[in-house]
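Residue-level structural notes
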Amino acid sequence: MDFKTRALVWAGALMMGAISGLFGFANAFSPVGVFNALVPKDGGVTIERNIPFGVHPRQKLDIYRPTNDETGLPVIYFSYGGGWESGDKEEYSFVGRALAARGYVTVIADYRLVPDVVYPDFVADNGLAVQWVTDTIGSYGGDPGRMVLMGHSAGAYNVMMLALDPEFGVDLSNVRAIVGLSGPYDFYPFDVSQSQNAFGDFPQPEQTQPVNLVSRDLPPVFLGHGDKDETVFLRNSVTLAEEMTESGIDVSLQIYEGANHADTLVSMAMPLRWRYRVLDDVLAFLDANAVSGPIP
């Protein structure tokens, strides 16, 4: 490992503690944005930015795809976290590039945030983006019939609710797999400001919890979580996995020893993949479930 790479690895490791507050901490200074700006990224990727999928200024998405002429590639829709009150799609280009470099057309969308909206609006925005992908991604080399819903933290909640609650209108016949990283799935009663602000006025709070909605047939599910996560506790993924197993859903739970909340996200970046095999585990899961396509 040369000096430059070593320095970046150390810088990334030092930033993880700050980024671990990503789930619930809104601030003009974004640790994830700084991390994304500094970290080396995968090449061989073409990016299309700021494509509208709705009329609101935040309803725009970016598309990452392999730089070649292949079509019919599998698609990953990735929803980012931020406690439903912060986040910007461009701060996650290291994720988009990592997935696109491995043969996936990857879509990352902005969605409306608290306090401008509350539940269910931010989930509905993600559903609107997924519908745009279903209708349009073929024009960007993607196969809408081989779609993966994937998210980290609050984004994992978003995609899980799209899959579990038919009210959001997502056609699961197009979805081959669901990936949730460090997601909150069982957090009622609402005991932190972020969940109170986002869900506190909803008249049926129990219906906002993924663990209470596991009754719909789902494609295979991958849940990844760090056992040192003090932002979204591990029990969220454990409980959801238990509920899914009892319902006959094919679910894989991967617990990363020593990993905090941010680790399952930032370890997808090039210099930090040696710390936790999140990216390899997700790709192996997708490959095992016949989602993967040709790698450029």
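Structure shown above.
Residues numbered from 1 in each chain as written. Predicted model: local features only at pLDDT ≥ 70, side-chain atom pairs only at ≥ 80, totals over all residues. Heavy atoms only, no water.

Helix and strand counts for the chain stand at nine helices and eight strands. By the burial criterion, 56% of the 296 residues in the chain qualify as buried. Of the roughly 11,800 Å² that the chain leaves accessible, carbon and sulfur atoms contribute 50%. (Helix = DSSP H or I, 4+ residues; strand = E, 2+ residues; numbered from the N terminus. Buried < 20%, exposed > 50% of the residue type's maximum accessible area, 1.4 Å probe, protein only. Areas by Shrake-Rupley, 256 points an atom, 1.4 Å probe, with all protein chains shown as cover.)

With that settled, consider the side chain of asparagine 126. Relative to the elements of secondary structure, asparagine 126 occurs in helix H4 (residues 121–136). Given a relative accessible area of 0%, asparagine 126 falls into the buried group. From its side chain, asparagine 126 meets the backbone oxygen of phenylalanine 122 in a polar contact 2.8 Å long. Ignoring sequence-local partners within four residues, the contact set of asparagine 126 consists of Tyr77, Ser79, Tyr111, Asn158 and Leu162. (Polar contact = N/O pair within 3.5 Å; in protein donor to acceptor, adjacent residues only side chain to side chain. Contact = heavy atoms within 4.5 Å.)

Between its terminal C-alpha atoms helix H7 (residues 235–246) stretches 16 Å, which fits the 16 Å expected from twelve residues at 1.5 Å a residue. Along H7, the residues classified as buried are Asn236, Ser237, Leu240, Ala241 and Met244. Buried residues in H7, looked at end-on, bunch into an arc of 125°, giving them a common side. Within H7, the exposed residues directed more than 90 degrees away from the buried face are Thr245 and Glu246. Glycine 248 sits one or two residues past H7 and shows a positive phi near 85°. (Expected span 1.5 Å × (residues − 1). Arc of directions from axis to C-beta.)

With that settled, the discussion passes to the nonpolar core. Phe122, Met150 and Leu286 are the most contacted members of the largest nonpolar core, which totals 93 residues. When residues of this core are assigned to their parent elements, the largest contribution, nine residues, is made by helix H5 (residues 154–164). (Core = buried A, V, L, I, M, F, W, Y, C linked by side-chain atoms within 4.5 Å.)

With that settled, the discussion passes to the sheet that holds strand E5 (residues 142–152). Taken in spatial order, the eight strands line up as E1-E2-E4-E3-E5-E6-E7-E8 in an open sheet, and their pairing is mixed. The open sheet is flanked by strand E1 (45–52) and strand E8 (251–256), the only strands paired with a single partner. Adjacent strand axes in the sheet meet at a mean angle of 20° when their direction is disregarded. Pairing between strand E6 (residues 175–181) and strand E7 (residues 221–226): four bridges, direction parallel. Along E7, the bridge assignment pairs glycine 180 with leucine 223. (Pairing = 2+ DSSP bridges. Axes fitted to C-alpha atoms, helices over the stretch in contact; angles between N-to-C directions.)

With that settled, the discussion passes to the environment of threonine 46. Mapped onto the elements of the fold, threonine 46 is located in strand E1. In this structure threonine 46 comes out as partly exposed when scored by relative accessible area, which is 24%. For the pair threonine 46 and threonine 67, spaced 21 residues apart in the sequence, the C-alpha separation amounts to 5.3 Å. Polar side-chain contacts of threonine 46 include one of 2.9 Å to the side chain of threonine 67.

Moving on, we come to the pattern of salt bridges. For the coordinates displayed, the defined rule picks out twelve salt bridges. Two residues, glutamate 48 and arginine 65, come together in a salt bridge whose shortest N-O distance is 3.0 Å. Pair noted here: glutamate 48 is in strand E1 and arginine 65 is in strand E2 (residues 60–66), with a separation of 17 residues, a long-range link. Overall, the relative accessible area of 27% leaves glutamate 48 in the partly exposed class. One salt bridge connects aspartate 110 with arginine 58, and the closest N-O pair in it is separated by 3.6 Å. Of this pair, aspartate 110 sits in the loop between strand E4 (105–109) and H4 while arginine 58 sits in the loop between E1 and E2; the two residues are 52 residues apart in sequence, bridging distant segments of the chain. One salt-bridge network, held together by shared partners, links Arg49, Asp62, Lys89 and Glu90. (Salt bridge = Lys/Arg side-chain N within 4 Å of Asp/Glu carboxyl O.)

Side chains of residues three or four places apart in an α-helix project in the same direction, reflecting 3.6 residues per turn. Counting buried positions over the eight residues of helix H3 (residues 93–100) gives seven, a clear majority of the element. Among the residues making up H3, those that are buried are Ser93, Phe94, Val95, Gly96, Ala98, Leu99 and Ala100.

At a closest axis distance of 9 Å, the pairing of H4 and H5 adopts a crossing angle of 70°. The angle between H4 and H5 places the two elements in the roughly perpendicular class. In this structure, H4 contributes Phe122, Val123, Asn126, Gly127 and Val130 to the contact, and H5 contributes Tyr157, Asn158, Met161 and Leu162. Residue classes in the contact of H4 with H5 are distributed as six nonpolar, three polar and no charged. (Parallel < 35°, antiparallel > 145°, perpendicular 65-115°, else oblique. Nonpolar A, V, L, I, M, F, W, Y, C, P; charged D, E, K, R; others polar.)

This structure, assessed with the given rule, holds 22 aromatic pairs. Summarising the aromatic geometry, the rings of tryptophan 84 and phenylalanine 122 are spaced 5.8 Å apart at their centres and angled 25° between planes, so their arrangement reads as stacked. Pair noted here: tryptophan 84 is in the loop between strand E3 (73–79) and H3 and phenylalanine 122 is in helix H4, with a separation of 38 residues, a long-range link. Taken as a pair, tryptophan 84 and phenylalanine 122 share a single burial class, namely buried. Here tryptophan 84 and tyrosine 157 contribute two aromatic rings whose centre-to-centre distance is 5.3 Å and whose plane-to-plane angle is 80°, an arrangement assigned as edge-to-face. Of the two residues, tryptophan 84 is situated in the loop between E3 and H3 and tyrosine 157 in helix H5; the sequence distance between them amounts to 73 residues. (Phe/Tyr/Trp six-rings, centres within 6.5 Å; stacked < 30°, edge-to-face > 60°.)

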